[in-house]
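# A closer look at the structure
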Amino acid sequence: MDQGVITSFQHYYLLQFMQSIATNLESIDKIAVKEVWENYNIKMGIENIDTALTKLTKSDMNRCWKNLLPKYVHDHRGFEKDLNRIKDDILQLTAQAGFFEVDKKDIVELIRSHQDEYTGEELNLLDAERLTEEDNEELQQHNKVLGTETLAKFFYYLDLATQLLDENDPNLERTSAFKRGLFQLVACYREVYDRKRLAAMQTSVLTFSQTSTLAELEPSTSSEGNYLFS
């Protein structure tokens, strides 16, 4: 695996990481790079690792045998060419993120730095950071609440997305197929949303009914009331 596959994976991972930064910067909320980095957690890292692994091609896997079984390697000469192409994509994304001073040498140096072995002090520091991050994630998971306001916002953005396709995609069949698939995917959230709205409406009706009943039972303090009960 250490015959080029790991290097390819590191390039793909860095590409995916920069893609996630660029995507967040171009989102509607327009958050800063520092905030993107601070919000980056283990879950996001695992997702980016998974995406990077899926980008590894059969050619990448085949090239790792070039030193052991060169006669079975189809084409190892394209390896550097592919890496340079990935570096170009990374540079484009770093520019989108505002890092205009970054060049290919910086990318090579960054990737090589991950191949160095950590010292004992660095490992202890990483372990402490990991424990702190796990504690924070556990606290965040515990405090998560999927309320009607969040779900309403979620469906609002979905409506905007589908409306954008309706207005711009000339292929009606493709748009319709996408919307049908999307409707099925979010059906579980729609069910939660409808259930929460119904519960909120029932609570409001019950509260109103109880308030009205109490108001009817209370004696009137008006002059007319005093006359009637005198």
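Residues numbered from 1 in each chain as written. Predicted model: local features only at pLDDT ≥ 70, side-chain atom pairs only at ≥ 80, totals over all residues. Heavy atoms only, no water.

The name recorded for the protein chain in an unreviewed UniProt entry is Tigger transposable element-derived protein 1, from Stegodyphus mimosarum.

This next bit is on the overall build of the protein chain. Each helix and strand in the protein chain was counted, giving 11 helices and zero strands. Along its sequence from the N terminus, the protein chain presents helices and strands in the succession α-α-α-α-α-α-α-α-α-α-α. Out of the 230 residues belonging to the protein chain, those deemed buried represent 22%. Counting only contacts in the protein chain whose residues sit at least 6 apart along the sequence, the fraction spanning at least 24 positions is 70%. (Helix = DSSP H or I, 4+ residues; strand = E, 2+ residues; numbered from the N terminus. Buried < 20%, exposed > 50% of the residue type's maximum accessible area, 1.4 Å probe, protein only. Contact = heavy atoms within 4.5 Å.)

Taking 1.5 Å as the rise per residue, helix α3 (residues 42-55) with 14 residues should run 20 Å; its terminal C-alpha atoms sit 20 Å apart, in good agreement. Turning to α3, its buried residues are Gly-45, Asn-48 and Ala-52. On an axial view of α3, the arc spanned by its buried residues comes to 65°, and they lie on one face. Looking at α3, the residues exposed on the side facing more than 90 degrees away from the buried face are Lys-43, Ile-46 and Thr-54. As for α3, its buried residues are in contact with α1 (5-25). (Expected span 1.5 Å × (residues − 1). Arc of directions from axis to C-beta.)

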